[in-house]
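These are the residues of each chain, in order.
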Amino acid sequence: MLLFFILGLFVHFVFFGSIFDIYFTSPLVHGMTPQFTPLPPPAKRLVLFVADGLRADTLYELDENGNSRAPFIRNIIMHEGSWGLSHTRVPTESRPGHVALIAGFYEDVSAVAKGWKENPVEFDSLINESKYTWSWGSPDILTMFAKGAYGDHVFTYTYDADSEDFGAHDVTKLDTWVFDKVKEFFHAARNNQSLFSKLNEEKIVFFLHLLGIDTNGHAHRPSSREYKDNIKLVDAGMKEMVSILEHFYGNDGKTAFIFTSDHGMTDWGSHGAGHPSETLTPFVTWGAGIKYPQKVSAQKFDDAFLKEWRLESWKRQDIHQADIAPLMASLIGVPFPLNSVGILPVDYLNNTDLFKAESMFTNAIQILEQFKVKMTQKKEVTLPFLFIPFKLLPESKQLNIVRKARSYIKQRKYDEAKPSHLLSCSCIAIGVFVAFFLLLQDCPWTYYIYCLLPVPIWYAVLREFQVIQDFVTLLLTVPPSYFVGYLLVFILGIEILVLSFFYRYMLTAGLLAFAGWPFITQLWTRAKSISLSWIFFSLLLAAFPLMPVVGRKPDIFLVMGAGLLVLLLSLCVLTSLIKRKDSFINEELLLHLFQMLSVVLSMCVTYSTHSSLRKKQGLPLLNQIISWLILAFSLVLPLLSPTSLFERLFSILLSLMSTYILLSTGYEALFPLVLSCLMFVWIQVEQETLQQHGISCKQKVTSVRFTCSTDITQFRQLYLDDVRRAFFLVFFLVTAFFGTGNIASVNSFDLASVYCFLTVFSPFMMGALMMWKILIPFVLVMCAFEAVQLTTQLSSKSLFLMVLVISDIMALHFFFLVKDYGSWLDIGTSISHYVIVMSMTIVLVFLNGLAHLFTTKKLRLCGKPKSHLI
């Protein structure tokens, strides 16, 4: 009997323990190959703020006075980043929540046996994959990620476990301790060369775990004043931390920030179950690689949260908690955590389609690797006749999916996953019908081009239906009166541009309107000095279209006057630079003086050549040699100047003005100088207007530098005001065309412009020199706009699309104005107008490339290292 009793007791112990062996065994596998996106990441570093126990509704809602408890976070949502809800899973505890956040998978249930505190199975995480990680906060959370990390690249700073006292008088000290330690850390880093060098590495993570809110919620409930005041404290502390980080890294725009929570909390101060108050947590992200806020008129969510939080106008993008890990890995370019099951939320990324596609592909391969390892392990321990592979994803299908995805990426077909063939089939059917109809009519082959060309164009347009829908949604958010007024002004502006091809004084009317523009905006009240400069130079430039066509009344003294003004301006700029810099580098000073000397030589050569030709003594050989040398040097000297915005642009102006003086015969020598002054003011104006719209500008104009590599992650969402910027560009380009004469007619050219270079008739050489004279104002405008794009974070691609629309609208006017009757001059002029407008986009691409070369390329002499003072 005793034996049966012992046996029965043993069986019950086995059955009792079996549930832990069957149900509480880790599903994680090991042996996967790390996967990372092969493209440069948008951020060098990531800052992760986790407010433990923070409910989404308590953060996002307004208080009884209509104010936000977290004004800093709300400002981020409205002006700098993207936001949404992070949906967690049960159990809503701190350890599983942080594992989902940082490792990308939902905690295996085997951890329940150890109270969610230790690692029953080693797993990979973002912290493990980082180059360095510094973390501050609770010992319960930080140590579990440091324990599983290889090497010595994870540094943790924790308070004593005894500090986590629910009965303490003020538990906000848990958060202030973190903020104080971070401040001390960055202060000490400035005097610690080893630490400073580590902090300037790439792929680094800063993790701030803030436990005060959770502790206050347990002790006083989430509806308490203590809980809500703790949110205010965390918001203010985060604002200070962001400021410290940005200052430490010189506002380099390479830091990504993420703010979220591991779980929420019930009204009675507990968590662990699946109530929405526990599973809905806030998610706010901003900085490098993150999309700017997107204003919308309607959203896809059925809940009433948006209206309650008064955030219905800002696009909300919800994610699963495990999706945050691949997002963070993508932002700083580290391998995706090996055990992650998160799906990269590409809608948060502000990057190229190629980067998004490559990141999604890497994410898919990383998840597939886990599937393959798990299948291999299962196959090795299962008898062959008992092993049943997963039928929906056999090996052949895996290879086919991967091969197709890679092929689509190579072909730049980034949206081809499961494409719908309805649109393509419809377009093919329409094309066949149109072709058959034309065949029956026995039409010429050109008719096929005219009638069939719209079919692929509309196909491409309809494929971007989502973009069109977003654009329409954006328009619906604009007040009707404002939209109608803006549309009327835009139409009037287009008509002025069209009329300027026939009547140059219409440009004067447009520039007068430009001069009055600051008065109808906030620019006049916020920046009067900039506004006055804008008005002055707009009025000054408006005088040129009223003057006679170049060449009709040559005046060498006006050319000399232009040269003297350039020299005077150079002296002022040189004095300003010497005062602004502690020391002026010898190479920069010599370059500046050499460019001034080029202007002086240009003046002397122009005056000497004019006098010699007037005396019928021909072109002096020395003058001719100097002219060609000045022309050659003018193309190289700007590339030797510093790449800081102001110095590089002024260097370009000096070099091009030395050539333009040689090519001038009268008042047109003043035109590029006045135009450039207006362009300098325009750069300041655009940054000022951007700030008025609530968009933060990372740097002041004086500290901006041109760079060869465009950081697309810094590009922002387009706004209606960007249409005005594109219109300004087109207007300034047309002004460069017709400001000193109508170049649409050959008889407006004056051969005297090239006499400093050659007097013997050579149509190709003379035509090239006159074409360069025409292009110089264009280059100045495009170099200025290169700076505008940089300071306002405007994408060149977006600019070209807007300019294309404007030029096509103008081209429609000229298409119907083409004449096939009258004099040859009338017919040729009507055709040339149409050709000029149609080729505007092509010319713009060329000029943009030339301006990009002039502004970003840096040449070094004699192999000396680049040296400039910041």
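Residues numbered from 1 in each chain as written. Predicted model: local features only at pLDDT ≥ 70, side-chain atom pairs only at ≥ 80, totals over all residues. Heavy atoms only, no water.

Computed from the structure, the second largest pocket encloses a volume of approximately 760 Å³. Surrounding the second largest pocket, 25 residues form its lining, Tyr486, Val489, Trp517, Ile520 and Arg724 being those nearest its centre. Of all the secondary structure elements, the ones that give two or more residues to the lining of the second largest pocket are helix 20 (480-500), helix 21 (505-516), helix 28 (671-692) and helix 29 (721-738). The element that contributes the greatest number of residues to the lining of the second largest pocket is helix 20, accounting for eight residues. (1 Å grid on protein atoms, 1.4 Å probe; cavity = no way out; pocket = protein on both sides within 12 Å on 5 of 7 lines; lining within 4 Å. Points joined across faces, edges and corners; volume = space filled by probe spheres on them. Helix = DSSP H or I, 4+ residues; strand = E, 2+ residues; numbered from the N terminus.)

Before going further, it helps to examine the sheet that holds strand 5 (residues 204-210). Backbone-to-backbone hydrogen bonds join strands into a sheet, with any given pair of strands oriented parallel or antiparallel. Strand order in the open sheet made by the eight strands is 4-3-5-1-6-7-2-8, with mixed pairing throughout. Unpaired on one side and paired on the other, strand 4 (154-158) and strand 8 (319-320) mark the two borders of the sheet. (Pairing = 2+ DSSP bridges.)

One finds Trp534, Leu649, Trp682, Leu729, Phe732 and Met810 to be the most contacted residues of the largest nonpolar core, which totals 114 residues. For this core, the leading source of residues is helix 30 (residues 763-792), giving 17 residues. Beyond its immediate chain neighbours, meaning those up to four positions away, Leu729 contacts Trp682, Val781, Met782, Phe785, Leu799, Val803 and Leu844. Formed by 53 residues, the second largest nonpolar core is a distinct cluster that contains Val182, Leu199, Ile231 and Tyr249. (Core = buried A, V, L, I, M, F, W, Y, C linked by side-chain atoms within 4.5 Å. Buried < 20%, exposed > 50% of the residue type's maximum accessible area, 1.4 Å probe, protein only. Contact = heavy atoms within 4.5 Å.)

Okay, the packing of helix 26 (residues 621-634) against helix 27 (residues 645-662) next. Two elements in contact, helix 26 and helix 27, have axes whose closest approach is 8 Å; the angle formed by their N-to-C orientations is 150°. With respect to each other, helix 26 and helix 27 are oriented roughly antiparallel. For the pair helix 26 and helix 27, the crossing hand works out as left-handed. Facing Ser627, Ile630, Leu631 and Ser634 of helix 26, the residues of helix 27 in contact are Ser655, Ser658, Thr659 and Leu662. Residue composition of the contact of helix 26 with helix 27, by class: three nonpolar, five polar and no charged. (Axes fitted to C-alpha atoms, helices over the stretch in contact; angles between N-to-C directions. Parallel < 35°, antiparallel > 145°, perpendicular 65-115°, else oblique. Left-handed = near helix turned anticlockwise from the far one by under 90°. Nonpolar A, V, L, I, M, F, W, Y, C, P; charged D, E, K, R; others polar.)

Enumeration according to the criterion identifies 47 aromatic pairs in this entry. Look at Phe646 and Phe680: their rings are 5.6 Å apart centre to centre, the planes differ by 55°, and that puts the pair in the tilted class. Residue Phe646 is located in helix 27, and its partner Phe680 is located in helix 28; the two are separated by 34 residues in the primary sequence. For Phe646, a relative accessible area of 31% puts it in the partly exposed group. Residues Phe737 and Phe738 carry aromatic rings whose centres are separated by 5.8 Å and whose planes lie at 35° to one another, so their mutual orientation is tilted. Judged by relative accessible area, Phe738 falls into the buried class, the value being 0%. Aromatic ring contacts, followed pair by pair, group Tyr132, Trp134, Trp136, Phe155, Tyr157, Phe185, Phe186, Phe196, Phe206, Phe248 and Tyr249 into a single cluster. Sitting over the face of the ring of Tyr249, Arg45 holds its NZ or CZ atom 3.5 Å from the ring centroid. Sitting over the face of the ring of Phe728, Arg724 holds its NZ or CZ atom 4.9 Å from the ring centroid. (Phe/Tyr/Trp six-rings, centres within 6.5 Å; stacked < 30°, edge-to-face > 60°. Lys NZ or Arg CZ within 6 Å of the ring centre and 35° of its normal.)

Burial analysis of strand 2 (residues 82-87) places five of its six residues in the buried class, which makes it a mostly covered element. Pairing of strand 2 with strand 7 (residues 280-287), which is carried by six bridges, proceeds in the antiparallel orientation. Among the inter-strand pairings, Ser82 is bridged to a residue of strand 7, identified as Thr285. Strand direction decides the pairing type here: strand 2 and strand 8, joined by two bridges, are parallel. For His87, the partnering residue across the bridge sits in strand 8 and is His320.

Close contact between helix 4 (residues 94-103) and helix 13 (residues 324-332) brings their axes to 5 Å; oriented N to C, the two are set at 35°. In contact with Ala100, Leu101, Ile102 and Ala103 of helix 4, helix 13 contributes Ile324, Ala325 and Met328. Broken down by class, the residue content of the contact of helix 4 with helix 13 amounts to seven nonpolar, no polar and no charged.

None of the figures reported here should be taken as evidence of function without further support.
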